[in-house]
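Take a look at the letters that make up each chain.
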Amino acid sequence: MLQVQDQSIRPLTTAHLAQTMTLLALSNLELRDKVMGELASNPALELLEDRVCPSCHRHLPQPGPCPACSRPMAEDGPIVFLSPREAAFGRREAQPGDQPAEREPAAPEDLAIHVLQQLAAELDPADRHLAAYVLSSLDEDGFLQDPPAILARTTHSSLTQVERVLTMIARADPPGLATTGPRQALLAQLSLHDPSSSLGQLARRILEEAFSELGRHEFERIAEMLSVSLTRVRQAATFIQDNLNPYPARAYWGSGRQPQGTDPNVYHNPDIQISHRNDDTEAPLMVEIFAPIAGWLRVNPMFRQAAPEGGEEVSEEWARHLERAALFVKCLQQRNNTMRRMLEILVRQQRGFILNGDRFLEPMTRARLATEIGVHESTISRAVSHKSIALPDGRIIPLNRFFDRSLSVRDRIKEMVEGEARPFTDDEIVDRLRKQGVQVARRTVAKYRAIEGILPARLRHHKKDQPAALRV
Ligand SMILES: [Zn+2]
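Residues numbered from 1 in each chain as written. Predicted model: local features only at pLDDT ≥ 70, side-chain atom pairs only at ≥ 80, totals over all residues.

Asks: How do you make sense of the overall build of the protein when you look at a structure like this?
Replies: Tallying secondary structure elements over the protein gives 20 helices and seven strands in all. Relative to its full complement of 472 residues, the protein shows a buried share of 32%. In the protein, 65% of the contacts between residues at least 6 apart in sequence involve partners at least 24 apart. (Helix = DSSP H or I, 4+ residues; strand = E, 2+ residues; numbered from the N terminus. Buried ≥ 20, exposed ≤ 12 C-beta atoms within 10 Å, placed from the backbone. Contact = placed C-beta atoms within 7 Å.)

Asks: I keep staring at the sheet that holds strand 3 (residues 272-276) and nothing clicks. Help me out?
Replies: The strands making up a sheet are joined through hydrogen bonds of the backbone, oriented either antiparallel or parallel. Spatial strand order, 2-4-3-6-7: five strands in an open sheet with mixed pairing. The open sheet terminates on both sides in strands that have one partner only, identified here as strand 2 (79-82) and strand 7 (396-398). On average, adjacent strands in this sheet sit at an angle of 20° to one another, irrespective of strand direction. Here strand 6 (residues 388-390) pairs with strand 7 via three bridges, running antiparallel. Of the residues in strand 7, the one forming a bridge with Ile-389 is Ile-397. Sheet strands touched by helix 14 (residues 311-349): strand 2, strand 3 and strand 4 (285-289). Its angle to strand 4, the strand with the most contacts, is close to 155°. (Pairing = 2+ DSSP bridges. Axes fitted to C-alpha atoms, helices over the stretch in contact; angles between N-to-C directions.)

Asks: What should I look at first to understand the nonpolar core in this one?
Replies: If you look at the biggest cluster of nonpolar residues, it comprises 48 residues, and the most contacted ones within it are Ile-274, Val-287, Ile-289, Met-342, Leu-343, Val-347 and Ile-389. At nine residues, helix 14 tops the list of elements feeding residues into this core. Apart from the residues lying within four places of it in its own chain, the contact partners of Ile-289 are Phe-81, Leu-82, Ser-83, Ile-272, Asn-336, Met-339, Arg-340 and Leu-343. Judged by nonpolar contacts, the second largest core, of 43 residues, contains Val-115, Leu-130, Leu-207 and Val-233. (Core = buried A, V, L, I, M, F, W, Y, C linked by C-beta atoms within 7 Å.)

Asks: What is the right way to read the packing of helix 14 against helix 16 (residues 366-373) from this model?
Replies: Geometrically, a packed helix pair is captured by the angle between its two axes and the distance between the axes. One can describe the packing of helix 14 onto helix 16 by two numbers: an axis separation of 10 Å at closest approach and a directional angle of 115°. By crossing handedness, the relation of helix 14 to helix 16 is classed as right-handed. Contacts between helix 14 and helix 16 involve Arg-341, Met-342, Ile-345 and Leu-346 on the former and, on the latter, Leu-369, Glu-372 and Ile-373. For the contact of helix 14 with helix 16, the residue count by class is five nonpolar, no polar and two charged. (Left-handed = near helix turned anticlockwise from the far one by under 90°. Nonpolar A, V, L, I, M, F, W, Y, C, P; charged D, E, K, R; others polar.)

Asks: Can you help me understand helix 3 (residues 111-119) in this one?
Replies: Where burial is concerned, most of helix 3 is hidden: nine out of the nine residues are buried. Among the residues of helix 3, those classed as buried are Leu-111, Ala-112, Ile-113, His-114, Val-115, Leu-116, Gln-117, Gln-118 and Leu-119.

Asks: I would appreciate a short explanation of the environment of Arg-204 in the present structure.
Replies: Note that Arg-204 resides in helix 8 (residues 198-209). Apart from residues no more than four positions distant in its own chain, Arg-204 is found in contact with Leu-187 and Leu-190.

Asks: It is not clear to me how the environment of Met-302 should be interpreted in this structure. Could you clarify?
Replies: Summarising the element assignment, Met-302 is placed in helix 13 (residues 301-305). Along the backbone, Met-302 and Ala-44 are 258 residues apart, and their C-alpha atoms lie at a distance of 8.6 Å.

Asks: Can you walk me through the packing of helix 14 against helix 17 (residues 377-384) in this structure?
Replies: In contact at an axis separation of 10 Å, helix 14 and helix 17 are set at 90° when each is read in the N-to-C sense. Classified by the angle between their axes, helix 14 and helix 17 sit roughly perpendicular to one another. For the pair helix 14 and helix 17, contact is made by Thr-338, Met-339 and Met-342 and by Thr-379, Ile-380 and Ala-383, respectively. Of the residues that constitute the contact of helix 14 with helix 17, the class distribution is four nonpolar, two polar and no charged. (Parallel < 35°, antiparallel > 145°, perpendicular 65-115°, else oblique.)

Asks: For this particular structure, what's the right way to read the confidence of the model for the protein?
Replies: Where the model shows low pLDDT, its predicted coordinates should not be examined in detail. Considering every residue of the protein, the mean pLDDT works out to 81; 86% of them sit at 70 or more. Per-residue pLDDT stays below 50 along residues 462-472; that stretch engages in 16 contacts with residues further than four places along the chain or on separate chains. (pLDDT = per-residue confidence, 0-100.)

Asks: Explanation requested: the pairing of strand 4 in the structure shown.
Replies: For a regular strand, side-chain orientation follows a simple rule: the groups alternate between the two sheet faces. With five of its five residues buried, strand 4 lies for the most part within the structure. The pairing of strand 3 with strand 4 spans five bridges and is antiparallel. Paired with Ile-274 across the strands is Val-287, a residue of strand 4.

Asks: What exactly am I supposed to notice about helix 8 here?
Replies: Residues that lie three or four places apart on an α-helix share one face, since the helix turns once every 3.6 residues. Taking 1.5 Å of rise per residue, 12 residues should cover 16 Å, and helix 8 covers 16 Å from first to last C-alpha, within 8% of that figure. Those residues of helix 8 that sit buried are Leu-202, Ala-203, Ile-206 and Leu-207. The arc enclosing the buried residues of helix 8, seen along the axis, measures out at 140°, which places them on a common side. Set apart from the buried face of helix 8 by more than 90 degrees, the exposed residues are Ser-198, Glu-208 and Glu-209. Buried-residue contacts for helix 8 involve helix 7 (182-190), helix 9 (211-215), helix 10 (219-226) and helix 11 (230-243). (Expected span 1.5 Å × (residues − 1). Arc of directions from axis to C-beta.)

Asks: Help me out: how do you make sense of the environment of His-276 in this one?
Replies: With respect to the helices and strands, the residue His-276 is situated in strand 3. Distance from His-276 to Ile-79, taken between C-alpha atoms, is 9.9 Å for residues 197 residues apart in sequence. In contact with His-276, not counting residues within four places along its chain, are Thr-281, Ala-283, Leu-285 and Pro-392.

What follows is the structure, given as structure tokens:
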């Protein structure tokens, strides 16, 4: 008897654990697909439109969190709750009169996200994937590696769609991205300047008709070619040098960060959002864990009650559906509970980082967090993976950034370089960091500098990355 019971329980427990772990590692977007798939294949599972608290299943008539399940765990602690709604600014359609960016991030995380964020409102939802694809496939200078026809074929888009998206990207900050090379980038940037300016018009002619002469500084030749005075040519060349950048991705954009990893979905679909309650900066932090799909997902009670007609085979199938539906709902709940417990501790520990920036990131390992919650480290790794979190200042960052111990050092290096009167060498940066109580090797400084897109000292005196050939 005991043997039989054992056998019936063990597979279920294993299935339970395995499925919870799988669900834990998914982002909301991926989880949404998973839920939709289950709904489509399992008649015992149903999704009601009711607004129900995901924790206690109480009906929530008012917008906002469940009053019973959104209390701070500790005094002064954050309020962490499972939200009945999906991420608000992920799937919204553009409204007429919208500002291009609903929330201006203080420090865009990477170039693709920085650009997508500007395009969010005017971008046709059908073009979103295409734009994300184009942005993530640019080379490090910001140029297209594939011609539009290839892009169209790869993304199953029309050439018109591709051209439209490329034009939008080229006009965003930093302008000139997603063009085919320096000349096209400069022309795209120029088109944002006053078209009636005669200097601008001359600059356009030089770029269009005498680009290689410009690169070789053959100003007299250009004057002759275009029948204008040498002085005007020099003025136009200076205008180009001062106002345009031949390598748009190397320009200073946003807070001056360079692209790192690219995951454009991070911008559009934060899985978690931290805000101040009623925008009161003194109030406890509110941590909203968005639902992958709005509504109440549950086992259909009618399905449970109704007895199937049509013999043993059908009733076995019903039983399997019911079991599978119950398991899915339970695993989803467990996933959510783990997320909530993890964020309660994480947000309390990293309050300084959340409110004041990279410098204040507390060293924190997944292993330590796992011990505090009483789960295995692999559980935390899964819970952190593929998730993004919106901070109170509007930045959306990957959740694993909370464990990046290099952040605070990188922030110090960035500040040093921004304030330098002459370029500091990596050795000098090591010295200065040591004086601040931070011990790092020169090799590490070089690595962090590269991550932040800061050039080596010998190349840093040029504020803009103009190639020597274009310097006048
Ligand atoms: Zn509740």
